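# Architecture at a glance
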Amino acid sequence: MTKPFNPLFGNRMLHGADYNPEQWLAYPDVFEKDLAYMKEAEVNVVSVGIFSWVSLEPEEGHFTFEWMDHVLHRLAEEGISAFLATPTGARPAWMSQAYPEVLRTTPERFKNLHGERHNHCPTSPVYREKAAIMNQKLSERYDGHPAVIGWHISNEYGGECHCALCQEAFREWLQDRYGTLKALNHAWWTTFWSHTYTDWSQVESPSPLGEQSVHGLVLDWKRFVTDQTIDFYLKEVDAVQSTGSSLPITANFMEMELFEGLDYWKFAEHVDFVSWDSYPDWHTPGKEAPTASWTALNHDMMRSLRHGQPFLLMESTPSMTNWQPMSKLKKPGMHELSSLQAVAHGSDSVQYFQWRQSRGSSEKFHGAVIGHDGTNRTRVFQDVKHLGTTLTTLGDIAGTTVQADVCILYSWANLWAVKETQGPRNDGMHYEDTLREHYHELWKRGINIDFRKPGDDLSRYKLVIAPMMYMLTEAEAAVLRDYVHAGGQLLATYWSGVVGESDLVHLGGRVRPLAEALGVEPLEIDGLYDGEQNTVSFTGGTGSVYDLCEITETNGAEVLGTYTSDFYAGSPFLTKHAYGGGLGWYVAARPDAHALDRLYSLLLAEADVQPRLQVPEGVSVSVREDEEAEYLFIMNVTGEPAVVDLSSEQLDDVRTGAALPASLHLDAYDVRVARTTN
Ligand code: GLA
Ligand code: ZN
């Protein structure tokens with residue numbers, strides 16, 4: 001099903017928005033005004049139909065495509081493309097009323113009422129059939145339409161359903177996975193508390209009213225939810241492709257922190273290109289750089305999901321959201337900076353939610369390109385228009401890639417397992433924070449970063465960072481061992497290599513599958529209260545550590561640093577092990593920012609990972625490239641001006657064609673897109 005991306009939508013950057021003209025059918029002058037404003041803002045794509053089911057099928061079996069015919073026809077006339085959505089993210093009330101099985105059941109086994117969105121059962125045969133009918137009709141009518149360039153399947157798939165149909169599907173899924181109940185009982189260690197199942201029908205999804213302590217069950221349920229969501233998605237795809245459609249297909253994904261429910265490594269195998277919706281909380285006081293680096297992390301993750309293929313920024317706000325704790329406006333410069341940051345990390349588009357602000361209902365105060373005033377005179381419109389002009393100068397960058405020497409290992413299964421398991425720190429294991437901190441050390445130095453999942457080939461990287469890889473199978477660990485043996489450098493931390501895929505602990509010692517490569521044998525792990533800390537001293541630095549302190553013996557590794565207090569003072573904090581042609585590094589505790597900074601300076605020097613440009617604090621660099629040129633995005637993410645030394649570079653400003661000066665001055669939230677000259 002997958003096609004090469006490069007560049008999927010031509011030598012142009014896409015610029016556009018979710019567009020919901022069906023909300024405005026009773027306001028006849030709105031649509032033509034919108035088109036005129038879109039042209040003015042250099043919009044070349046809109047996503048239509050996302051929640052349009054009731055406007056397309058107001059009564060069961062009665063279809064009203066005429067308005068959509070008109071919308072697509074006029075878009076084509078104006079040279080604006082469309083991602084055509086399937087409307088399954090929300091459904092009409094008539095359907096919930098006639099077929100209650102389409103509604104979701106909560107973990108407490110309550111049937112939801114009609115309402116909200118994303119409130120459907122992914123297993124329901126009725127919902128699947130209704131979706132298939134709708135999708136096939138959309139495809140019959142619009143595939144091949146000159147405006148339509150791709151399918152936007154549903155919207156932000158997420159959530160889970162615990163109805164009887166889903167329970168049955170879960171049991172079948174388990175039978176496929178384990179074959180026998182005996183195998184399931186062993187994998188889940190159910191003899192504990194006499195939880196052994198003697199019949200498949202006894203297995204139920206996790207519930208606060210029932211079982212939540214069998215971690216293998218909880219993990220498998222989460223895996224099932226991903227598989228069942230993908231299965232539903234594939235039924236949607238089958239329907240749009242039943243007409244012979246070969247348009248590229250995507251499903252818009254969400255930010256990692258807000259959304260940990262689906263294994264996107266798996267989901268991404270089934271889309272033609274990744275797209276995602278990014279809503280950072282810019283301008284949180286004191287957090288500008290961390291917000292920028294967290295957002296960059298998410299962009300890098302999205303690009304990595306399909307191994308480096310460019311992605312699309314499918315949604316972002318042109319100004320503010322209305323669902324974050326504070327609805328903050330973007331300060332001058334931030335719209336361009338945040339948009340180009342996505343491009344810098346591999347996006348070939350900048351798209352918004354939404355084009356025109358709704359008049360009523362829950363998102364009426366969410367930022368939009370055209371606000372309630374209905375004009376192009378706003379600061380927001382002018383920012384969007386300015387960006388549209390900028391994007392027209394970046395067409396050569398579409399389809400270029402981000403090349404990285406460093407990758408971070410990440411898996412959703414590990415995230416679930418770390419969070420789910422009880423002990424050693426039920427007050428918070430801070431796995432995402434740890435990822436964030438390691439990423440930040442690379443980001444702030446302007447180093448390109450990929451993500452890979454355990455088991456992936458790592459041979460192209462000089463350095464692999466594997467923070468808190470608690471769940472690691474033998475086979476996944478073997479890939480890491482081979483990588484180091486062949487000359488790679490691996491950084492592993494405390495709480496790694498503890499369990500296999502069913503959360504069964506590896507016997508023979510923590511970190512056992514990695515022990516050979518790391519040359520350490522961790523014995524115990526200490527949980528520290530919030531506010532409690534230990535101190536460490538190591539080659540290149542000193543600092544504090546907190547949260548978790550592992551106590552380890554070495555078995556061949558060189559000790560580069562130790563704890564300096566508590567009863568394990570003198571025990572290794574940082575070690576390095578020569579294994580084959582490479583190095584296995586091990587960090588026994590969670591360092592503070594100062595210690596982590598020192599540690600990364602040491603590590604990057606040994607791994608010979610160099611930033612492309614030396615940049616002052618608060619400036620980040622990301623590089624895209626093809627055979628002809630390198631494109632350097634130089635971004636000042638702070639409210640203070642900054643100066644970047646370019647004296648040893650020969651760079652042109654892509655927007656103006658002018659040579660960049662030896663000393664580049666960046667205003668607050670300023671960004672330059674530079675191109676190497678030969
Ligand atoms: C999500 C949804 C949109 C809209 C925006 C608001 O990304 O996909 O429909 O609700 O959030 O920020
Ligand atoms: Zn269900």
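Predicted model, so just to flag it, every value in this text is computed and none were measured.

## A few points about the overall build of the protein chain
Scanning the protein chain for helices and strands turns up 17 helices and 26 strands. The C-alpha atoms of the protein chain give a radius of gyration of 26 Å, which matches the 26 Å a tight globule of 678 residues would have. With respect to the principal axes defined by its C-alpha atoms, the protein chain has extents near 75 × 75 × 40 Å. The buried share of the protein chain, taken over its 678 residues, is 61%. Taking contacts inside the protein chain between residues at least 6 apart in sequence as the whole, the part at least 24 apart equals 73%. About 25500 Å² of surface is accessible on the protein chain, with carbon and sulfur atoms providing 51% of the total. Averaging the coordinates of the 53 positive side-chain charges in the protein chain and doing the same for the 93 negative ones gives two points 3 Å apart.

## What about unusual backbone geometry?
Cis geometry is found at the peptide bond from phenylalanine 353 to glutamine 354, where omega equals -15 degrees. Topologically, glutamine 354 is positioned in the loop between strand 9 (349-352) and helix 12 (379-392). With omega at 5 degrees, the peptide bond leading from glycine 423 into proline 424 counts as cis. By the secondary structure assignment, proline 424 is in the loop between helix 13 (412-420) and helix 14 (431-443). One non-glycine residue with positive phi stands out, namely glutamate 116, at about 55 degrees. For histidine 118, which is not a glycine, the phi torsion comes out positive at approximately 50 degrees. Position of histidine 118 relative to the elements: it lies in the loop between helix 4 (93-98) and helix 5 (125-142).

## As for the packing of aromatic side chains
Within the structure shown, the criterion is met by 36 aromatic pairs. Taken together, a centroid distance of 6.3 Å and an interplanar angle of 80 degrees make the contact between tyrosine 178 and tryptophan 188 edge-to-face. You can see tyrosine 178 sitting in helix 6 (residues 164-178) and its partner tryptophan 188 sitting in helix 7 (residues 181-188), a full ten residues away along the chain. For tyrosine 178, a relative accessible area of 14% corresponds to the buried category. Assessed through its relative accessible area of 5%, tryptophan 188 is described here as buried. Taking 5.9 Å as the distance between ring centres and 75 degrees as the angle between the ring planes, the aromatic pair formed by tryptophan 188 and tyrosine 197 counts as edge-to-face. Residue classification places tyrosine 197 among the buried residues on the basis of a relative accessible area of 9%. In this structure, lysine 137 packs its charged tip against the face of phenylalanine 63, placed 4.9 Å from the ring centre.

## Quick look at the coordination of the zinc ion (ligand 2)
Taken together, Cys121 (SG), Cys161 (SG), Cys163 (SG) and Cys166 (SG) make up the full set of protein donors to the zinc ion (ligand 2), lying 2.3 Å away. Around the zinc ion (ligand 2) sit four donor atoms, and with donor-metal-donor angles ranging over 102 to 114 degrees the site reads as tetrahedral. Donor residues binding the zinc ion (ligand 2) come from one chain and are separated in sequence as C-x39-C-x1-C-x2-C. Taking relative accessible area as the criterion, cysteine 163 reaches 7% and is therefore assigned buried. Take cysteine 166: its relative accessible area is 1%, and that puts it in the buried class.

## Concerning a nonpolar patch on the surface
Residues Trp189, Phe192 and Trp193 make up a contiguous nonpolar surface patch of about 440 Å² in total accessible area. Within the secondary structure, tryptophan 193 sits in the loop between helix 7 and helix 8 (215-241).

## Here we look at the domain arrangement of the protein chain
In terms of domain boundaries, the protein chain breaks down into domain 1 (14-397), domain 2 (406-607) and domain 3 (619-677). Just the C-alpha atoms count here: the centres of domain 1 and domain 3 sit 34 Å apart. With 24 residues of domain 1 at the interface, the matching set in domain 3 holds 17 residues. Across the domain 1 to domain 3 interface the summed buried area is about 1700 Å²; carbon plus sulfur atoms make up 64%. The largest contributions to the domain 1 side of the interface with domain 3 come from Leu337, Ala344 and Ile397, which together make up 35% of the buried area. Our enumeration of links across domain 1 and domain 3 arrives at three salt bridges. Where aspartate 396 meets arginine 675, a salt bridge forms, and the shortest distance between an N and an O atom there is 3.7 Å.

## Some remarks on the sheet that holds strand 6 (residues 252-253)
Spatially, three strands are ordered 6-7-8 in an open sheet, and the strand pairing comes out parallel. Edge strands, defined here as strands with exactly one partner in the open sheet, are strand 6 and strand 8 (312-315). Looking at chain direction, strand 6 and strand 7 (residues 275-277) are connected through two bridges and run parallel. Paired with phenylalanine 253 across the strands is tryptophan 276, a residue of strand 7. Most of the contacts of helix 10 (residues 288-305) go to strand 7, to which it runs at about 155 degrees, and overall it touches strand 6, strand 7 and strand 8.

## Notes on the environment of histidine 195
Its location among the elements puts histidine 195 in the loop between helix 7 and helix 8. A sequence separation of 19 residues divides histidine 195 from valine 214, and the C-alpha atoms of the two residues are 8.5 Å apart. For histidine 195, the contacting residues outside a window of four places in its chain are Thr190, Glu211 and Val214. In terms of polar contacts, histidine 195 uses its side chain to reach the side chain of glutamate 211, at 2.8 Å.

## A look at the packing of helix 5 against helix 8
Closest axis-to-axis distance for the helix 5/helix 8 pair is 7 Å, and the angle between their directions is 35 degrees. Classified by chirality, the crossing of helix 8 by helix 5 is right-handed. Contacts between helix 5 and helix 8 involve Tyr127, Arg128, Ala131, Ala132, Asn135, Gln136 and Ser139 from the first element and Gln228, Asp231, Phe232, Lys235, Glu236, Ala239 and Val240 from the second.

## Focus: the pairing of strand 2 (residues 45-48)
Each regular strand displays side chains that alternate between the two surfaces of the sheet. Burial along strand 2 is two-sided: Val45 and Ser47 and Val46 and Val48, pointing in opposite directions, are all buried. Of the pairings in the sheet, the one linking strand 1 (residues 14-19) to strand 2 comprises four bridges and is parallel in character. Paired with glycine 16 across the strands is valine 45, a residue of strand 2. In this structure, strand 2 lies alongside strand 3 (residues 81-85), joined through four bridges in parallel fashion. Directly across from valine 46, in strand 3, lies its bridge partner alanine 82.

## Examining the environment of glutamate 474
Following the sequence through the fold, glutamate 474 ends up in helix 15 (residues 474-485). Taking relative accessible area as the criterion, glutamate 474 reaches 35% and is therefore assigned partly exposed. Glutamate 474 sits 39 residues away from proline 513 along the chain, and the two C-alpha atoms are 6.0 Å apart. Apart from the residues lying within four places of it in its own chain, the contact partners of glutamate 474 are Arg481, His506, Arg512 and Pro513.

## Observations regarding the sheet that holds strand 4 (residues 148-152)
The pairing of strands in a sheet comes from backbone hydrogen bonds and takes either a parallel or an antiparallel form. The parallel open sheet is built from six strands, whose spatial order is 5-4-3-2-1-9. Looking along the sheet, the strands with just one partner apiece sit at the ends: strand 5 (249-250) and strand 9. Across four bridges, strand 3 lies against strand 4 in parallel orientation. The residue of strand 4 that forms the bridge with alanine 82 is valine 148. Against the sheet, helix 3 (residues 66-77) touches strand 2, strand 3 and strand 4, its axis set at about 170 degrees to strand 2.

Rules used in this analysis
- Residues numbered from 1 in each chain as written.
- Chains lettered and ligands numbered in written order.
- Predicted model: local features only at pLDDT ≥ 70, side-chain atom pairs only at ≥ 80, totals over all residues.
- Heavy atoms only, no water.
- Helix = DSSP H or I, 4+ residues; strand = E, 2+ residues; numbered from the N terminus.
- Rg over C-alpha atoms; globule rule 2.2 N^0.38 Å.
- Buried < 20%, exposed > 50% of the residue type's maximum accessible area, 1.4 Å probe, protein only.
- Contact = heavy atoms within 4.5 Å.
- Areas by Shrake-Rupley, 256 points an atom, 1.4 Å probe, with all protein chains shown as cover.
- Lys, Arg positive; Asp, Glu negative; His and termini not counted.
- Charge placed at Lys NZ, Arg CZ, Asp CG, Glu CD.
- Phe/Tyr/Trp six-rings, centres within 6.5 Å; stacked < 30°, edge-to-face > 60°.
- Lys NZ or Arg CZ within 6 Å of the ring centre and 35° of its normal.
- Donors = N, O, S within 2.8 Å, 3.2 Å for Na, K, Ca; no water.
- Tetrahedral: all angles 85-135°; square planar, octahedral: opposite > 155°, others 65-115°.
- Patch = residues over 30% accessible without salt bridge, like charges linked within 9 Å, V, L, I, M, F, W, Y side chains within 5 Å.
- Salt bridge = Lys/Arg side-chain N within 4 Å of Asp/Glu carboxyl O.
- Domains from an automatic or database assignment.
- Buried area = accessible area lost by both parts, 1.4 Å probe.
- Pairing = 2+ DSSP bridges.
- Axes fitted to C-alpha atoms, helices over the stretch in contact; angles between N-to-C directions.
- Polar contact = N/O pair within 3.5 Å; in protein donor to acceptor, adjacent residues only side chain to side chain.
- Left-handed = near helix turned anticlockwise from the far one by under 90°.

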